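Descriptive analysis of the structure
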Amino acid sequence: MLEVEGKVSTYKRSIPSMSVANLIQMQGALSYLKRVRKKISPTGPMTAEGAEALDGETLETWRARFVKSSRINAVMDVAIRTIFGAEARELSALYFLMYLNAGGGLLSLSEARGGAQQDRFVPGAQAISLALAKELGDAVKLGVPVRKLLQRADGVDAVSDTQTIEGRYAIVTVPPVLAGRIEYEPSVSVGRDQVTQRFAMGAAVKVLLTYERAFWREAGFSGEVVSSDGPLSVVYDNTSHDGRQPALIGFVVGSQARQWSAQPLSDRQRRVTGALKRYFGEEAGAFQEYRELDWGAEPWSRGCPVGGLPPGVLTNSFAHLRKPEGRIHWGGTESATEWIGYMEGAIQSGERAADEVLRRL
Ligand SMILES: Cc1cc2nc3c(=O)[nH]c(=O)nc-3n(C[C@H](O)[C@H](O)[C@H](O)COP(=O)(O)OP(=O)(O)OC[C@H]3O[C@@H](n4cnc5c(N)ncnc54)[C@H](O)[C@@H]3O)c2cc1C
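This text gives an overview of the structure that appears in the document. On a predicted model such as this, the values are computed, not experimentally measured, just so you know.

To continue, consider the site of the ligand. In the region of the ligand, 18 residues are neighbours, and Val-146, Cys-304, Thr-333, Gly-341 and Met-343 sit closest. Contact between the ligand and Gly-341: an oxygen atom at 2.9 Å from a main-chain N or O atom of the residue. Within the complex, 66% of the 1,000 Å² of free accessible area of the ligand lies under protein. For the shell around the ligand, the class distribution of residues is 13 nonpolar, five polar and no charged.

Below you can see the structure in the form of structure tokens.
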């Protein structure tokens, strides 16, 4: 289902139902995006032709030159909010294009079938971390966040509130903005600190409702909703893989997410169920359980799904994002060159940082 400017309609393919004129403009915009993004290499975006100009404006002002329809802008805004947890006016056009290129384009990043949203892990994405941690055994220390990294001539001390762990090198894989909250002795370079100051985390609240029956399936709907009106920008069917627990999941993202938790729970529930009733009827109000997670309130994430850049950083201090500082190397999905912002990017960046250290051992 698609909800734009107060109107709800249904669609079957990847591009939502629109007038012929809007469809032509949408296809034109997607083709143009593809042509331009292919010139922005995620390994060196600052050297691309026209990089300075693209990094000198926001995605919103840049897009206004080739997308005129308010309806298309609204649909694109939903995709941008969902992918970045940010508004088009907050992001550098160059950063957006680099990000798109790293993940195969706007549709690849936002679609379910054939796109980044297609698969789920059973019993959940954390199963990967748990399995890796099991292999590593006692080497994994939980509940001891690193407060300070102290570089010595022959090693690095990772200092937490209760213990200090010594190593020859350190790889920091937390989001840049959190890396900037760690104390470094000696200080990291000005360029490195500047880039971490600018990498604002996206804002997103995940909302899950469980039901006795998957009434939307019975009515012939997939459960997918794309809404410019909100509060849920996207909704998916999140029924358990064995079909036993029907559920819908939705995301409040971007500006709306920043204000979300300040509202009383009863208001939040009323707004969420109000939206779901518009799409799937009165039954959507009769949920079994209602759960929310505001990722901005998570102290070790401070936002989700990724840190994004405003104008003027990619062409300036971005080179410091992957550049080692003495014995400290940097990973994390924001520093990836493939699938930035996704788990795949986190793995790619981790392998790159591990290679850097291995070459020094
Ligand atoms: C709601 C949501 C949905 C998402 N959906 C998808 C999806 O469908 N597909 C996909 O590929 N990606 C998805 N992502 C993005 C994906 O989760 C990230 O790309 C990925 O987790 C990034 O991995 P990372 O290792 O770079 O950073 P993180 O996963 O943020 O890992 C950093 C770790 O460091 C820890 N940490 C923080 N500070 C410190 C400190 N000072 N000392 C020690 N440890 C610290 C944190 O607790 C955390 O465990 C989603 C993210 C969210 C929030």
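Don't stop here, the text continues.
This part is about unusual backbone geometry. Residue Pro-186 is reached from Glu-185 by a cis peptide bond, and omega for that bond is -5°. Tracing the backbone shows Pro-186 in the loop between β7 (183-185) and α9 (190-198). For the peptide bond that leads from Cys-304 to Pro-305, omega is 0°, which places it in the cis range. Here Pro-305 is to be found in the loop between β13 (289-294) and β14 (307-308). Phi angles above zero are rare outside glycine, and Glu-5 is one such case at about 50°. The residue Glu-5 is located in the loop between β1 (2-4) and β2 (7-9) in this model. Residue classification places Glu-5 among the partly exposed positions, given a relative accessible area of 48%. One non-glycine residue, Trp-339, adopts positive backbone phi at about 50°. Here Trp-339 is to be found in the loop between β15 (328-330) and α13 (343-360).

To continue, consider the side chain of Glu-356. Turning to its location among the elements, Glu-356 is positioned in helix α13. Given the relative accessible area of 13%, Glu-356 is considered buried. Filtering out sequence-adjacent residues up to four positions away, Glu-356 remains in contact with Arg-322, Pro-324 and His-329.

Look at helix α1 (residues 20-37) against helix α5 (residues 93-102): their axes get within 9 Å of each other, and the N-to-C directions meet at 90°. Regarding the angle of α1 to α5, the classification is roughly perpendicular. Together, Leu-33, Val-36 and Arg-37 of α1 and Phe-96, Leu-97, Leu-100 and Asn-101 of α5 make up the contact between the two elements. Tallied by class, residues from the contact of α1 with α5 come to five nonpolar, one polar and one charged.

Another point: the packing of aromatic side chains. Under the criterion given, the structure shown has 17 aromatic pairs. Judged by centre distance (5.0 Å) and plane angle (85°), the ring pair of Phe-215 and Trp-216 falls under edge-to-face. The class for Phe-215 is buried, based on a relative accessible area of 6%. On the basis of relative accessibility, which here comes to 0%, the residue Trp-216 falls in the buried class. Centre to centre, the rings of Trp-339 and Tyr-342 are 5.2 Å apart; their planes meet at 80°, and the pair counts as edge-to-face. What makes Tyr-342 buried here is its relative accessible area of 18%. A network of ring pairs unites the aromatic residues Tyr-211, Phe-215, Trp-216, Phe-221, Tyr-279 and Phe-280 as a single cluster. Over the face of the ring belonging to Trp-330 we find Arg-192, whose NZ or CZ atom lies 3.5 Å from the ring centre. Above the face of the Tyr-169 ring, Arg-327 is positioned so that its terminal group lies 4.7 Å from the ring centre.

Okay, helix α12 (residues 265-280) next. Residues that lie three or four places apart on an α-helix share one face, since the helix turns once every 3.6 residues. An ideal rise of 1.5 Å per residue puts 22 Å on 16 residues; α12 measures up with 22 Å between its terminal C-alpha atoms. Among all positions of α12, only Arg-268, Val-272, Thr-273, Ala-275, Leu-276, Tyr-279 and Phe-280 are buried. End-on view of α12: buried residues confined to an arc of 155°, all on one side of the axis. Gly-281 occupies a position one or two residues after α12 and carries a positive phi of about 95°.

Quick notes on the rules
- In this convention, every chain numbers its residues from 1, walking through the sequence in written order.
- For a predicted model such as this one, the threshold for reporting local features is a pLDDT of at least 70, and the threshold for listing and counting side-chain atom pairs is 80 or more; totals across whole chains, interfaces and linings nevertheless cover every residue.
- Note: side-chain values were computed over all heavy atoms of the structure, leaving out hydrogens and water.
- Throughout this document, a residue counts as near a molecule or strand when at least one of its heavy atoms sits within 4 Å of that molecule or strand.
- Residues adjacent in sequence count toward polar contacts only when both atoms are side-chain atoms; beyond that, a polar contact is any pair of N or O atoms within 3.5 Å, and within protein one must be able to donate a hydrogen and the other to accept it.
- Note on areas: Shrake-Rupley, 1.4 Å probe, and residue coverage restricted to the protein chains presented here.
- Three categories are distinguished: nonpolar for Ala, Val, Leu, Ile, Met, Phe, Trp, Tyr, Cys and Pro, charged for Asp, Glu, Lys and Arg, and polar for the others, with Gly belonging to the last.
- Strands are runs of DSSP state E lasting at least 2 residues, helices are runs of H or I lasting at least 4, and numbering of each runs from the N terminus.
- Any residue under 20% of the maximum accessible area for its type is buried, any over 50% is exposed, and the rest in between are partly exposed; the area is computed with a 1.4 Å probe on protein chains only.
- The contact criterion used throughout is that any non-hydrogen atoms of two residues lie within 4.5 Å.
- The axes used here are C-alpha line fits, helices contributing only the stretch in contact, and every angle between their N-to-C directions lies in the interval 0 to 180 degrees.
- Geometric relationships in this document are graded by angle, where less than 35 degrees denotes roughly parallel, more than 145 denotes roughly antiparallel, 65 to 115 denotes roughly perpendicular, and other angles denote oblique.
- What counts as a ring pair is set by centres within 6.5 Å for rings of Phe, Tyr and Trp (its six-membered ring), and what kind of pair is set by the plane angle: stacked under 30 degrees, edge-to-face over 60, tilted for all other angles.
- In this scheme, Lys NZ or Arg CZ marks a charge over a ring once it lies within 6 Å of the ring centre and within 35 degrees of the ring normal.
- Given a helix with a known number of residues, its expected span is that number minus one, times 1.5 Å.
- Arc, as used here, means the arc of the directions from the helix axis to the C-beta atoms.

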